[in-house]
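What follows is each chain in one-letter form.
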Amino acid sequence: MRRLIINADDFGMTAGVNRAIVEAHRAGTVTSATLMANEAATDEAIAIASQNPSLRIGCHVVLVDGHPLSNPDSVPSLIGSRNGTRAAFRKGIVDLAIASAVGTPRATEIQNEAAAQIERLASRGLRLSHVDCHMHSHILPPVLLAVLQAALDHGVKAVRNPFEPSWSVAVTHKNSSLRSWNRSAQVTVLRLLHSKFRSKVNQHGMKTTDGTSGIAVTGLLDRELLMRLVDAMPEGTWELVTHPGYNDSALMAAGTELKESRAIEFELLTSPETVELFRMRGIQLINYDDL
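What comes next is a walk through the structure. Bear in mind the structure is a predicted one, so any value in this text is a computation, not a measurement. (Residues numbered from 1 in each chain as written. Predicted model: local features only at pLDDT ≥ 70, side-chain atom pairs only at ≥ 80, totals over all residues. Heavy atoms only, no water.)

1. A few points about the pairing of strand 1 (residues 2–11)
Regular strands show a simple pattern: their side chains alternate between the two faces of the sheet.
Reasoning step 1: In terms of residue burial, strand 1 counts as a mostly covered element, since 10 of its 10 residues are buried.
Reasoning step 2: As defined by bridge partners, strand 1 adjoins strand 9 (residues 283–286) across 4 bridges and the pair is classed as parallel. By the bridge assignment, Leu4 is partnered in strand 9 with Leu285.
Reasoning step 3: Across 3 bridges, strand 1 lies against strand 2 (residues 32–35) in parallel orientation. If you follow Ala8 over to strand 2, its bridge partner there is Ala33.
Reasoning step 4: You can see the chain leave strand 1, run along helix 1 (residues 15–27) and come back into strand 2, and the turn it takes is right-handed. (Buried < 20%, exposed > 50% of the residue type's maximum accessible area, 1.4 Å probe, protein only. Helix = DSSP H or I, 4+ residues; strand = E, 2+ residues; numbered from the N terminus. Pairing = 2+ DSSP bridges. Right-handed = clockwise from strand over helix to strand, strands pointing away.)

The structure is reproduced here in structure tokens:
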């Protein structure tokens, strides 16, 4: 049996992203979304989630490319820059990985910030099905342990497996884009951390999938590539990470590289042909509650 969670990341980033995610869910593809707790359209996303209970919601813990929910003075090891009274996390996962390699981010601060973001969503009445991290930063062992503990402390029992399986990377290599080749190489190297990830998830009694596709092709997903991923997908339980959105003025002003690609993914995920593709290939669309 082939089971697939289609998760939309960045719920709460902008109103256009929120609208695209819920429309893709209603179209029958997106089964799950991870919500950012401290973004411009977070409150609207929470309201949308409350009105659409069939869309399962996770916490998209942000530790890079964003702003802390905690008082910045309480999480100084996570701060990358300050602009007056406004503090920001480090720019990108590479900076966080370098800092983690030398032990700069304190585990207690990572856990406290993750807990604050989870608490904000839970306090608004959302039952969280899982947790993951923006830019897949829980692929880093120090971040993983802190996020797992914060999730468990708040009754969240599942976590994204941020490792892309070899079958998915092989499909990506068929894409001639230099970006896809670079990302494919990165996820292949990072897979060396997979066994440690599985061990820690098991130790914490958490649930996860067999792997996540779509990471190496972030910003590049289209119909042809989706069909190749679907045809290559083996037996098991997988996640496909997506980033649908309306490419409006709010998104153009947002601090994200993914702009035009979100509109392409939105069209793909709301197409009846995409729904039919999964049906014809016998792929069961599930969510994290089904693990």
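What follows picks up the thread again.
2. Details of the pairing of strand 2
Reasoning step 1: The alternating pattern of strand 2 places Ser32 and Thr34 and Ala33 and Leu35 on opposite faces, both of which are buried.
Reasoning step 2: One ladder, built from 4 bridges, connects strand 2 with strand 3 (residues 56–61); its direction is parallel. Bridge pairing links Ser32 to Arg56 in strand 3.
Reasoning step 3: Read as a crossover between parallel neighbours, the route from strand 2 over helix 2 (residues 42–51) to strand 3 is right-handed.

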